[in-house]
Amino acid sequence: MSTSFVLLGLLATGPRHGYELKRAHDDRLPRAKPLAFGQVYATLGRLERDGLVEKSGQDREGGPDRTSFAITEAGRTSLDEWLSAVETPAPFVTSTLFSKVMVSLLASGVDRARAYLTAQRSAHADRLRELTATKTAADSPFGDVVAADFAIAHLDADLRWLQTTLQRVADMDREKRP
Amino acid sequence: MTALLSAAGVAKHYGRTPALTGVDIDVAEGEIVAVTGPSGCGKSTLLHCLAGILRADAGTVTYRDQDLGLWSEKSRSRLRRTDFGVLFQFGQLVPELTAAENVALPLLLAGSGRREARADAQQWLERFGVDHVAEARPGAMSGGQQQRCAVARAMVTQPRVLFADEPTGALDALAGEQVLGELVRAARDQDTAVVLVTHDARVAAYADREVALRDGANDPSGLGVGS
Ligand SMILES: Nc1ncnc2c1ncn2[C@@H]1O[C@H](COP(=O)(O)OP(=O)(O)OP(=O)(O)O)[C@@H](O)[C@H]1O
Ligand SMILES: [Mg+2]
């Protein structure tokens, strides 16, 4: 999972405590889902077990959030491999949008599917407008702009698909009722 | 709130081809409205009717509570010089003139003095980051630079309404997106309303609101698809 590699990447710049890692994650990837503390410690535990990070110090009080971790040589190698590897283009369609359209066609028919597509289109267009405003604001941080670009590209792809699907549904319906 | 500019039931034929069959649209002061829809649905035709370049066959176009259909061609053309800015889909700059002369042109046509027009043109070229090509002719400028000059020319008179027809040929290019961002910021600074014609959802997202067309009419579903 990419969280391990994100943590390894953050540790590549120097040892940190668990809570510093969470903060660094949420600062550097501002639009990513915030990391839960529990997830940070669980991931660090796994990375340590696999020899990719090691404990590099402990403050007096002890406790898990007082232990700092450092990346190991094996950790750097693993991070380097991950950064170089090309991701497999999404092999399955796992979108809820897709499932909803197929299920409404199956269970409720064309009108229901069409109503859903129309409502979804308008929700997508609203979100697209919000993100565009975020990214055109004069003082947007670089991370926010890049994250907005990412979300906009995906929403735009969804919108094209919604439009094509609506057309296909209309065509299919026309053939059925002459 | 009453609209600054509005169209009600606007219809337009080219010979026997119906391009618009009854479109309604309202634009408030300072509002940015996207006009969207598939190719051939009548977006450019609507824009030309709103800007008073084409006269509608039926329906009314109202600007500041005045029915533009009742105005003479001469008055409409004066209105275009004083209150409107237009960014056309095709053919933008006068090829024989330099960038600075192109941008100054609308001011000269509106009766400004030469020196004043030159100074204002220079400011708008700077604002859109193309002052370094002020003395170049369009043929010697990149596509993006030409586009920026065209935007500067459309904004130089500080119009109350800017009509922009597909202002970014290629938004995929970061450059196109930057031009659009700057155009929208400049319009908001001046409280200029914008009618932004586009087939691209990402461009439409720069607007406050979207009016979708399909086959020459309003499309309430916003999907531009037959039912
Ligand atoms: N000068 C003209 N003479 C004849 N028909 C025209 C003329 N201009 C446009 N049309 C027709 O009117 C309809 C609407 O054209 P318009 O240019 O307004 O569409 P559009 O929505 O701007 O399309 P696009 O997205 O391709 O620019 C089309 O069917 C087009 O063929
Ligand atoms: Mg057009």
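Residues numbered from 1 in each chain as written. Chains lettered and ligands numbered in written order. Predicted model: local features only at pLDDT ≥ 70, side-chain atom pairs only at ≥ 80, totals over all residues. Heavy atoms only, no water.

Named according to an unreviewed UniProt entry, chain B is ABC transporter ATP-binding protein originating from Mangrovihabitans endophyticus.

Caption draft 1: A look at the layout of surface pockets. All names here are of chain B. Of the voids in this model, the second largest pocket is the one considered here, and its volume is about 400 Å³. Every element with two or more residues in the lining of the second largest pocket is listed here: helix H2 (73-82), strand E6 (84-87), helix H3 (99-109) and helix H5 (143-155). Looking at side-chain class alone, the lining of the second largest pocket contains 10 nonpolar, 4 polar and 3 charged residues. (1 Å grid on protein atoms, 1.4 Å probe; cavity = no way out; pocket = protein on both sides within 12 Å on 5 of 7 lines; lining within 4 Å. Points joined across faces, edges and corners; volume = space filled by probe spheres on them. Helix = DSSP H or I, 4+ residues; strand = E, 2+ residues; numbered from the N terminus. Nonpolar A, V, L, I, M, F, W, Y, C, P; charged D, E, K, R; others polar.)

Caption draft 2: Representation of the interface of chain A and chain B within the structure. Taken residue by residue, the interface counts 20 residues in chain A and 20 residues in chain B. For the chain A face of the interface with chain B, the top three residues by lost area are Arg121, Arg129 and Thr136 of chain A, together amounting to 33%. Counting the contacts that link chain A with chain B gives 3 salt bridges. Linking chain A to chain B there are 4 residue pairs in polar contact (both at pLDDT 80 or more). Elements supplying a minimum of two residues to the side of chain A that touches chain B: helix H6 (110-136) and helix H7 (142-176) of chain A. Looking at the side of chain A that touches chain B residue by residue, the classes come out as 7 nonpolar, 5 polar and 8 charged. (Contact = heavy atoms within 4.5 Å. Buried area = accessible area lost by both parts, 1.4 Å probe. Salt bridge = Lys/Arg side-chain N within 4 Å of Asp/Glu carboxyl O. Polar contact = N/O pair within 3.5 Å; in protein donor to acceptor, adjacent residues only side chain to side chain.)

Caption draft 3: Summary view of the confidence of the model for chain B. All names here are of chain B. A residue-level look at chain B finds 94% of positions with pLDDT of 70 or above and a mean pLDDT of 90. For chain B, helix H6 (residues 174-190) is the element with the lowest average pLDDT, namely 88, and strand E8 (residues 193-197) is the one with the highest, namely 97. Listed scores for the predicted complex are pTM 0.82 and ipTM 0.78. (pLDDT = per-residue confidence, 0-100.)

Caption draft 4: Representation of the site of ligand 1 within the structure. Residues and elements named next belong to chain B. The full set of residues close to ligand 1 is Tyr14, Ala19, Pro38, Ser39, Gly40, Cys41, Gly42, Lys43, Ser44, Thr45 and Gln89. For ligand 1, an oxygen atom lies 3.3 Å from a polar atom in the backbone of Cys41. Contact between ligand 1 and Ser44: an oxygen atom at 2.8 Å from a side-chain N or O atom of the residue. Alone, ligand 1 offers 640 Å² of accessible surface; in the complex the protein occludes 60% of this. Per-element tally for the shell around ligand 1: the top contributor is helix H1 (residues 43-50), with 3 residues. Of the residues that constitute the shell around ligand 1, the class distribution is 4 nonpolar, 6 polar and 1 charged. (Near = heavy atom within 4 Å. Areas by Shrake-Rupley, 256 points an atom, 1.4 Å probe, with all protein chains shown as cover.)

Caption draft 5: Quick peek at the sheet that holds strand E3 (residues 67-71) of chain A. Residues and elements named next belong to chain A. Here we have 3 strands laid out as an open sheet, ordered E1-E3-E2, and antiparallel in their pairing. The open sheet has two edge strands with one neighbour each: strand E1 (16-17) and strand E2 (53-58). Pairing analysis gives 2 bridges linking E1 to E3, with the strands arranged antiparallel. Paired with His17 across the two strands is Ser68, which belongs to E3. This element, helix H1 (residues 2-11), spans E1, E2 and E3 of the sheet and lies at about 90 degrees to E3. Sheet strands touched by helix H3 (residues 37-49): E2 and E3. Its angle to E2, the strand with the most contacts, is close to 115 degrees. (Pairing = 2+ DSSP bridges. Axes fitted to C-alpha atoms, helices over the stretch in contact; angles between N-to-C directions.)

Caption draft 6: Structural detail: empty space enclosed by the protein. For the structure shown, the criterion picks out 1 cavity of 30 Å³ or more. A volume near 40 Å³ is recorded for the largest cavity. Taken together, Arg121, Ala125, Leu128, Arg129 and Leu159 of chain A together with Ala201, Ala204, Ala205 and Glu210 of chain B make up the full set of residues lining the largest cavity. Breaking the lining of the largest cavity down by element, the ones donating at least two residues are H6 of chain A together with helix H7 (201-204) of chain B.

Caption draft 7: Examining the packing of H3 of chain B against helix H4 (residues 114-127) of chain B more closely. All names here are of chain B. With their axes 8 Å apart at the nearest point, H3 and H4 run at an angle of 125 degrees to one another. In this view, H3 runs oblique relative to H4, as classed from their interaxial angle. Like other packed secondary-structure pairs, H3 and H4 cross with a definite hand, here right-handed. On H4, the residues that touch Ala99, Ala100, Glu101, Val103, Ala104, Leu107 and Leu108 of H3 are Arg114, Ala117, Arg118, Asp120, Ala121, Trp124 and Leu125. Partitioning the contact of H3 with H4 into residue classes produces 10 nonpolar, no polar and 4 charged. (Parallel < 35°, antiparallel > 145°, perpendicular 65-115°, else oblique. Left-handed = near helix turned anticlockwise from the far one by under 90°.)

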